[in-house]
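# Coordinate inspection notes
Chain by chain, the residues:
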Amino acid sequence: MKKNLIVCGSSGRMGSCICELAAESGVWKTVFSSNRQHPLKEMIQKGDVTIDFTLPEATAEHLALAIQYQKPIVIGTTGHAPLLQAALE
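Residues numbered from 1 in each chain as written. Predicted model: local features only at pLDDT ≥ 70, side-chain atom pairs only at ≥ 80, totals over all residues. Heavy atoms only, no water.

## Topic: the overall build of the protein chain
- The helix and strand tally for the protein chain stands at three helices and four strands.
- Counting helices and strands in the order they occur from the N terminus, the protein chain gives β-α-β-β-α-β-α.
- Over its C-alpha trace the protein chain gives a radius of gyration of 12 Å, about what one expects of a compact globule, namely 12 Å for 89 residues.
- Across its three principal axes, the protein chain shows a C-alpha extent of roughly 40 × 25 × 25 Å.
- Relative to its full complement of 89 residues, the protein chain shows a buried share of 31%.
- Taking contacts inside the protein chain between residues at least 6 apart in sequence as the whole, the part at least 24 apart equals 57%.
- Taken as a whole, the protein chain presents about 5,700 Å² of accessible surface, with 55% of it coming from carbon and sulfur.
- Positive and negative side-chain charges in the protein chain, numbering 8 and 8 respectively, have mean positions lying 8 Å apart. (Helix = DSSP H or I, 4+ residues; strand = E, 2+ residues; numbered from the N terminus. Rg over C-alpha atoms; globule rule 2.2 N^0.38 Å. Buried < 20%, exposed > 50% of the residue type's maximum accessible area, 1.4 Å probe, protein only. Contact = heavy atoms within 4.5 Å. Areas by Shrake-Rupley, 256 points an atom, 1.4 Å probe, with all protein chains shown as cover. Lys, Arg positive; Asp, Glu negative; His and termini not counted. Charge placed at Lys NZ, Arg CZ, Asp CG, Glu CD.)

## Quick word on the environment of G26
- Mapping G26 onto the fold places it in the loop between α1 (13–25) and β2 (28–34).
- Distance from G26 to K2, taken between C-alpha atoms, is 7.1 Å for residues 24 residues apart in sequence.

## What to know about the confidence of the model for the protein chain
- When the pLDDT values of the protein chain are averaged, the result is 91; 100% of them are 70 or greater.
- When pLDDT is averaged over each helix and strand of the protein chain, the minimum, 84, is found for helix α3 (residues 82–88) and the maximum, 96, for strand β3 (residues 49–52). (pLDDT = per-residue confidence, 0-100.)

## Structural notes on helix α2 (residues 56–68)
- With 13 residues, α2 extends 19 Å between its outermost C-alpha atoms, agreeing within 8% with the 18 Å of an ideal straight helix rising 1.5 Å per residue.
- Restricting attention to buried positions, one finds in α2 the residues P56, T59, H62, L63, L65 and A66. For α2, the angular spread of buried residues about the axis comes to 165°, placing them on one side. With respect to the buried face of α2, the exposed residues turned more than 90 degrees away are E57 and Q68.
- Phi turns positive, to about 55°, at Q70, one or two residues after α2. (Expected span 1.5 Å × (residues − 1). Arc of directions from axis to C-beta.)

## As for the layout of surface pockets
- Empty space within the largest pocket amounts to approximately 360 Å³.
- Lining the largest pocket are 15 residues, with N35, R36, T54, A58 and H62 positioned closest to its centre.
- Among the elements that line the lining of the largest pocket, the one with the most residues is α2, at three residues.
- Tallied by class, residues from the lining of the largest pocket come to five nonpolar, eight polar and two charged. (1 Å grid on protein atoms, 1.4 Å probe; cavity = no way out; pocket = protein on both sides within 12 Å on 5 of 7 lines; lining within 4 Å. Points joined across faces, edges and corners; volume = space filled by probe spheres on them. Nonpolar A, V, L, I, M, F, W, Y, C, P; charged D, E, K, R; others polar.)

So, in structure tokens, the structure goes:
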């Protein structure tokens, strides 16, 4: 049974690479690619896990949604302000 994957920042280098690897894996099915036109809040309930490779400004919202819906999130975004870094930890 495939796991449902949500990729935030799928149009970037890392996000598009993750989508390709997920498709090749046979384990993951990318069910949603989040971007500014299609925010994560529209689909987070459909995913088993979210991978975030966006901008630090978006990561805070993605983390809050993952906590709200009790969904695991992998954050690959860098450059967070100290306050957000503390929240992530």
